[in-house]
Amino acid sequence: MTRTIRIFDTTLRDGEQTAGVNLNSGEKLEIARQLAKLNVEIIEAGFAVASPGDFEAIKTIAQNVRGPAICSLARAVPGDIERAWEAVQAAERPYIHTFIATSDIHMQYKLKKKPEQVIEMAVAAVKLARRYCPEVEFSAEDATRSDWDFLCRIFSETIKAGATVINIPDTVGYTTPEEYGRLIRYIKENTIGIEKAIVSVHCHNDLGMAVANSLEAVRNGADQVEGTINGLGERAGNTALEEVIMGLKTRPDYYQAQTTAVSEEIYRTSVLVSALTGLAVPSNKAIVGANAFAHESGIHQDGILKNRLTYEIMTPQSIGIPSNRLVLGKHSGRHAFKEYLAELGYHLNEADLEKAYERFLEIADRKKEVTDRDLEALIRGELSQVEEAFILEYFHVTSGNKAIPTATVRLKCGEETEQEAACGEGPIEAIYKAIERLTGITAELKEYGIKAVTGGKDALGEVTVKIEEQGRINTGRGVSTDIIEASTRAFINAVNKVAWEKANYQSTPAGDGAEG
Ligand code: KIV
Ligand code: ZN
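Below is a summary of the structure that appears in this document. Fair warning: this is a prediction, and the values are worked out from it, not measured in the lab.

Some remarks on the packing of aromatic side chains
So, step 1. This structure, assessed with the given rule, holds 9 aromatic pairs.
So, step 2. Between tyrosine 432 and phenylalanine 491 the ring centres are 3.9 Å apart and the planes differ by 10 degrees, which places this aromatic pair in the stacked class. In this pair, tyrosine 432 is assigned in helix 16 (residues 427-439) and phenylalanine 491 in helix 17 (residues 483-504), connecting sequence segments 59 residues apart.
So, step 3. Since its relative accessible area comes to 6%, tyrosine 432 is described here as buried.
So, step 4. Classification of phenylalanine 491 by relative accessible area gives buried; the value is 1%.
So, step 5. Among the aromatic residues, those joined into a ring-pair cluster are Phe337, Tyr357 and Phe360.
So, step 6. Geometry around phenylalanine 55 places arginine 83 over its ring, the cationic atom sitting 3.6 Å from the centre.
So, step 7. In this structure, arginine 410 packs its charged tip against the face of tyrosine 394, placed 4.9 Å from the ring centre.

So this is what it looks like as structure tokens:
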């Protein structure tokens, strides 16, 4: 019999713990909306108690996103659970996820608690969470290094206390498929009341095994798989959900299981997460890498031409990869532009639509052919998700191997227009210094990356920067046929996010809550 496996997405919580990733609440809302289109069962939107920014983002998502359950993480302490409830209560389906560590090493050294005390805390946390919330998940952190009988005891007790889901995390990415499969089966066979609970699995990828472990868990009775888009997460990341979804879709004969995820939304979700986190997807990444459907060798190409099934186990269409069609030209009107974006799955508000249209016209003026990929890069690159304090009006730069690179930049800063000039070791540094003078925001450039959106000498250049200001990282993106302009736009995009954070709240960086 084919079982339906629930997909639990933690891109916005465990995924956001990736080094150098910081998403603002507008960006998190945009990702959550896309996850709802992907039709995941649960969105873990953050860890409410970690920071005011996390709390606000979860609350905004709970108020605005319909379809999936909206979840906040909470340690097994009353303050965390109350804060989690405050954040998720407006959701159509509120969900609290509470956890405590169960391995000897964590209980002894991190929690400094006896196993009995840990059970008491877990039970009290679940009971409190259930007083508020109909769906409560309990996780035994570091389960794969915990005593199996102790796990069965704590799960029996927490199910009795009202947990609707129990989760068995491989927190440090230590287990193997065969061992994890046996653990899942053992827990299912030895936990009292297990038939009343959903069994969830949550794997980390330290030994490159997260997806294999999760799928083997499914074969051994797990009902729910947790993970992130693009396998994001701290260290080596979490289970890549796109791989799990397509694994189940491609091999129903083997797994006897399916999901209700809309696989055609995978590509768009992956691109959005990559754009907003500033983390590029490696070209050989399974499912969503640029080469995942590229056939290079002559023998393979020949086979594909004769019959695609020779070398293709799934189609690019099944994950929603757009064709690289030629789209509108510079004479296309606003209405056609709006319709075209809707066809690509983008529904912009009036202000964003106007901005995107103006930028489209600028690019159509300079580039012979504007394709789907160009349009997507423009949309994902430049819509800021925050109110823009600074808007580029003009820049001019001189550079050369015997000249001192010098830049002049003019920005619209609120109602005023201001201009500054600066020199640098290169044209980009000169521009960035001028922008810092204009905005009063001095940040360290931690990363700078550039890529061409398509082939061709007139291809759009897409620049991603990460800047650090007072210990916070912000990502900026810019797109243009001129790579200096793209670099300028990317920096201004990041600086606008810093300014927005300063104006709204300076939250402290979120911990992973592992201190239990
Ligand atoms: O990896 C882990 O153990 C976690 C828990 C909070 C579920 O992320
Ligand atoms: Zn985790």
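Notes on the sheet that holds strand 12 (residues 406-413)
So, step 1. Reading across from one edge, 11-12-13 is the order of the 3 strands in this open sheet, with antiparallel pairing throughout. In this open sheet, the two strands that pair with only one neighbour each are strand 11 (390-398) and strand 13 (416-423). Across the sheet, the mean angle from the axis of one strand to that of its neighbour is 15 degrees, orientation sign disregarded.
So, step 2. As paired elements, strand 11 and strand 12 share 8 bridges and run antiparallel to each other. Bridge assignment links histidine 396 to a residue of strand 12, and that residue is threonine 408.

The rules we used
- Residues numbered from 1 in each chain as written.
- Chains lettered and ligands numbered in written order.
- Predicted model: local features only at pLDDT ≥ 70, side-chain atom pairs only at ≥ 80, totals over all residues.
- Heavy atoms only, no water.
- Phe/Tyr/Trp six-rings, centres within 6.5 Å; stacked < 30°, edge-to-face > 60°.
- Helix = DSSP H or I, 4+ residues; strand = E, 2+ residues; numbered from the N terminus.
- Buried < 20%, exposed > 50% of the residue type's maximum accessible area, 1.4 Å probe, protein only.
- Lys NZ or Arg CZ within 6 Å of the ring centre and 35° of its normal.
- Pairing = 2+ DSSP bridges.
- Axes fitted to C-alpha atoms, helices over the stretch in contact; angles between N-to-C directions.

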